[in-house]
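If you want the building blocks of each chain, they are given just below.
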Amino acid sequence: MGEAIFLLLGSVATAVGAPRQGIAFLGGYAFGAVAGTGLALAGQLAGCALSYGWALMVGRGWAERRLAGRFGRRLRPLRDALAASPFEATVALRLLPVGNNLALNLLAGMASIPLLPFLAASAIGYLPQTLVFALLGKGVRVDGAWQLGLSALLLLGSVGIGFWLLRRHRAGRALEE
């Protein structure tokens, strides 16, 4: 029952913009590194799909008006990069520890990016940081020094790969503009 409640609350929290790293940390603390990672990742993906779906069905008109206005100059290149290669751009953007998870979900939904490649790329991009923060959550418990050290190394590796992918990809050029 605890896992189901965690999954439901994690999904809703992620869908409304709570930091996904916090969900992973709590998952690691409550359920351990492996189960916490799995539950947090499932909740993050469900929340991603919920906010994507809202943007696709309800928020599309509002978002289009924003793209036509003052925010369009900055968001349009990112939307175009996502539309051109949804999987690769999403993986690159998700691997970075900076950025706004909810904003990317809404932008992808508004732009009608295909859902399955977007979710698959999100899962791949979420996994390293989810594991890192679940290990941090688990490491807060007694004798968790090795989990803390491993999580720091994994975070550095994830950030490095994210920057490398972003520099190679069109999404990185869209963010720089």
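See the structure shown above.
Rules and cut-offs
Residues numbered from 1 in each chain as written. Predicted model: local features only at pLDDT ≥ 70, side-chain atom pairs only at ≥ 80, totals over all residues. Heavy atoms only, no water. Helix = DSSP H or I, 4+ residues; strand = E, 2+ residues; numbered from the N terminus. Buried < 20%, exposed > 50% of the residue type's maximum accessible area, 1.4 Å probe, protein only. Areas by Shrake-Rupley, 256 points an atom, 1.4 Å probe, with all protein chains shown as cover. Core = buried A, V, L, I, M, F, W, Y, C linked by side-chain atoms within 4.5 Å. Contact = heavy atoms within 4.5 Å. Expected span 1.5 Å × (residues − 1). Patch = residues over 30% accessible without salt bridge, like charges linked within 9 Å, V, L, I, M, F, W, Y side chains within 5 Å. Salt bridge = Lys/Arg side-chain N within 4 Å of Asp/Glu carboxyl O.

K.L.:
Lay out the overall build of the chain with the relevant residues and their values.
P.N.:
Each helix and strand counted, the chain has 10 helices and zero strands in total. When the helices and strands of the chain are placed in sequence order, the string is α-α-α-α-α-α-α-α-α-α. In the chain, which comprises 177 residues, the proportion classed as buried is 45%. Surface accessibility of the chain: about 9,100 Å² in total, with carbon and sulfur atoms responsible for 71%.

K.L.:
Please give an account of the nonpolar core that cites residues and values.
P.N.:
Core analysis: the largest hydrophobic core is formed by 16 residues, its most contacted members being Leu82, Ile113 and Phe118. Counting residues per element, the ones that place at least two in this core are helix H3 (33–57), helix H5 (72–84), helix H6 (86–94), helix H7 (101–110) and helix H8 (115–139). For this core, the element with the most residues is H7, which contributes four residues. Those residues in contact with Leu82 that sit more than four places away from it in its chain are Ala89, Thr90, Leu93, Leu104, Leu107 and Ile113. Of all hydrophobic cores here, the second largest spans five residues; its members include Phe6, Ile23, Ala24 and Ala40.

K.L.:
Could you give an account of helix H1 (residues 2–15), naming the residues involved and the relevant values?
P.N.:
Helix length check: H1 (14 residues) gives 20 Å between terminal C-alpha atoms against 20 Å at 1.5 Å per residue, within 8%. Elements in contact with the buried residues of H1: helix H2 (20–31), H3 and H7. Gly17, located one to two residues past H1, shows a positive phi value of around 110 degrees.

K.L.:
Account for a nonpolar patch on the surface, with residues named and values stated.
P.N.:
Residues Trp54, Leu56, Met57 and Val58 make up a contiguous nonpolar surface patch of roughly 450 Å² in combined accessible area. Along the chain, Trp54 turns up in helix H3.

K.L.:
Describe the environment of Leu39, listing the residues and the values that go with them.
P.N.:
In this structure, Leu39 sits in helix H3. You can call Leu39 buried: its relative accessible area is 16%. Setting aside residues up to four positions removed in sequence, Leu39 forms contacts with Glu3, Phe6, Leu7 and Phe31.

K.L.:
For unusual backbone geometry, give the residues involved together with the corresponding values.
P.N.:
Despite not being glycine, Ser112 shows a phi value in the positive range, around 55 degrees. You can call Ser112 partly exposed: its relative accessible area is 34%.

K.L.:
So what about the environment of Gly125? Which residues, and what values?
P.N.:
Looking at the element boundaries, Gly125 is found in helix H8. C-alpha of Gly125 to C-alpha of Thr90: the two residues are 35 residues apart in sequence and 7.5 Å apart in space. Residues contacting Gly125, with those up to four places away along its chain left out, are Val91, Arg94 and Leu95.

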